[in-house]
Amino acid sequence: MMARRKIDHGGATAAGQEMRETPERARHAAGIVDRPTGTAIGAPVGRLVQSPLDRLAARGTISPRMHSAGQRLRGQFEIGVLGARDRDGELPPGIRGTGGVPTPSEVQLETLRAYKSALRCLGAHVGAVVEAVCCHEQDVTVIAARQGRIRDKVMGVLEDGLKTLADHYRLTGRDDPAPGGGEPR
């Protein structure tokens with residue numbers, strides 16, 4: 001039978017042994033950097049994984065204008081559908097207030113309307129692909145496999161949808177990928 005050791009609040013074990021202070025324990029207790037990511041212990045951890053939209057932009061597959069359109073749709077999804085609150089208290093881009101201080105529910109409803117309007121301008125098929133990548137963060141390869149299509153075809157639908165979305169949001173700029181960027185799809 002295995003004997004259990006119980007640690008009391010004084011730091012000693014039931015067998016009377018003291019716990020050794022290790023450098024890791026000291027750094028952890030002090031809140032010093034101790035993660036491979038370089039963040040401090042106890043610090044809020046941000047996003048450690050890039051979204052599919054961010055990866056496509058980083059590779060130069062989509063233009064900054066298309067990326068901005070996808071990010072704006074994602075922001076409207078988070079506020080309108082998920083109910084996330086914007087910490088700085090400002091209204092999201094494209095949302096107008098009624099003159100007074102808007103309540104969170106008014107902002108959420110107006111953002112939801114804007115989100116649905118953006119999806120309507122894309123149509124059902126294109127909107128489903130853009131929504132899956134931008135809002136639900138699904139990879140293009142996964143969407144292609146689910147639809148039984150070639151990845152390049154789905155990527156073309158996504159690019160066309162992001163261009164249409166950028167026009168809907170009246171974003172300026174060119175839709176050419178970044179110079180020198182762009183891996184094969």
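Residues numbered from 1 in each chain as written. Predicted model: local features only at pLDDT ≥ 70, side-chain atom pairs only at ≥ 80, totals over all residues. Heavy atoms only, no water.

K.L.:
Looking at this model, I keep getting lost on the pattern of salt bridges. Mind explaining?
P.N.:
A side chain with one charge may pair with a side chain of the opposite charge, provided their charged atoms come close. Throughout the structure, instances matching the rule amount to five salt bridges. For arginine 65, the salt bridge goes to aspartate 167, with nearest N and O atoms at 2.2 Å. Of this pair, arginine 65 sits in helix α3 (residues 64-81) while aspartate 167 is found in helix α7 (residues 151-168), placing the two residues 102 residues apart along the sequence. With relative accessibility at 8%, the residue arginine 65 sits in the buried group. Of the charged contacts, one joins arginine 74 and glutamate 78 as a salt bridge, the two residues approaching to 2.9 Å between their closest N and O atoms. Residue arginine 74 and its partner glutamate 78 are both found in helix α3; the two are separated by four residues, about one turn of the helix. With a relative accessible area of 16%, arginine 74 lands in the buried category. (Salt bridge = Lys/Arg side-chain N within 4 Å of Asp/Glu carboxyl O. Helix = DSSP H or I, 4+ residues; strand = E, 2+ residues; numbered from the N terminus. Buried < 20%, exposed > 50% of the residue type's maximum accessible area, 1.4 Å probe, protein only.)

K.L.:
Any chance you could explain α3 here in plain terms?
P.N.:
The α-helix advances 3.6 residues per turn, and as a result positions three or four apart in sequence lie on the same side. Along its 18 residues, α3 runs 25 Å from first to last C-alpha, staying within 8% of the 26 Å computed at 1.5 Å per residue. For α3, the set of buried residues is Arg65, Met66, His67, Ala69, Gly70, Leu73, Arg74, Gln76, Phe77, Ile79 and Gly80. Downstream of α3 by a residue or two, glycine 83 has a phi angle that is positive, lying close to 80°. (Expected span 1.5 Å × (residues − 1).)

K.L.:
Looking at this structure, how should I read the nonpolar core?
P.N.:
Soluble globular proteins tend to pack their nonpolar side chains together in the buried interior. With 29 residues, the main nonpolar core has Leu73, Val130, Leu158, Leu162 and Leu165 as its most contacted residues. Those elements that provide at least two residues to this core are α2 (52-59), α3, α4 (104-122), α5 (124-134), α6 (140-147) and α7. Apart from the residues lying within four places of it in its own chain, the contact partners of leucine 165 are Ala69, Gly70, Leu73, Ala118, Leu122 and Val130. (Core = buried A, V, L, I, M, F, W, Y, C linked by side-chain atoms within 4.5 Å. Contact = heavy atoms within 4.5 Å.)

K.L.:
Explanation requested: the packing of aromatic side chains in the structure shown.
P.N.:
Pairs of aromatic rings are described using the distance from one ring centre to the other and the angle between the two planes. Throughout the structure, instances matching the rule amount to one aromatic pair. One Lys or Arg, arginine 72, reaches over the ring of tyrosine 169 and ends 4.9 Å from the middle of that ring. (Phe/Tyr/Trp six-rings, centres within 6.5 Å; stacked < 30°, edge-to-face > 60°. Lys NZ or Arg CZ within 6 Å of the ring centre and 35° of its normal.)

K.L.:
Whenever I open this one, the packing of α2 against α3 confuses me. Can you help?
P.N.:
Axes are the key here: two packed helices are described by the angle between their axes and the distance separating the axes. α3 packs onto α2 with a crossing angle of 170° between their chain directions and a minimal axis gap of 10 Å. It follows that α2 is roughly antiparallel to α3 by the angle criterion. Where α2 approaches α3, its residues Leu53, Asp54 and Ala57 are matched on the opposing element by His67, Gly70 and Gln71. (Axes fitted to C-alpha atoms, helices over the stretch in contact; angles between N-to-C directions. Parallel < 35°, antiparallel > 145°, perpendicular 65-115°, else oblique.)

K.L.:
Teacher, can you tell me more about unusual backbone geometry here?
P.N.:
Although it is not a glycine, glutamate 137 adopts a positive phi angle of roughly 55°. Here glutamate 137 lies in the loop between α5 and α6. Given a relative accessible area of 28%, glutamate 137 falls into the partly exposed group.

K.L.:
Please clarify how α6 should be interpreted in this entry.
P.N.:
For α6, the complete set of buried residues consists of Val140, Ile143 and Ala144. The buried residues of α6 occupy one face: seen down the axis, they fall within an arc of 100°. The exposed set on the far side of α6, more than 90 degrees from its buried face, consists of Ala145 and Arg146. Next to the buried residues of α6 lie α2, α5 and α7. Just downstream of α6 lies glycine 148, where phi reads positive at about 70°. (Arc of directions from axis to C-beta.)

Limitation: the analysis is restricted to geometry and does not speak to function.
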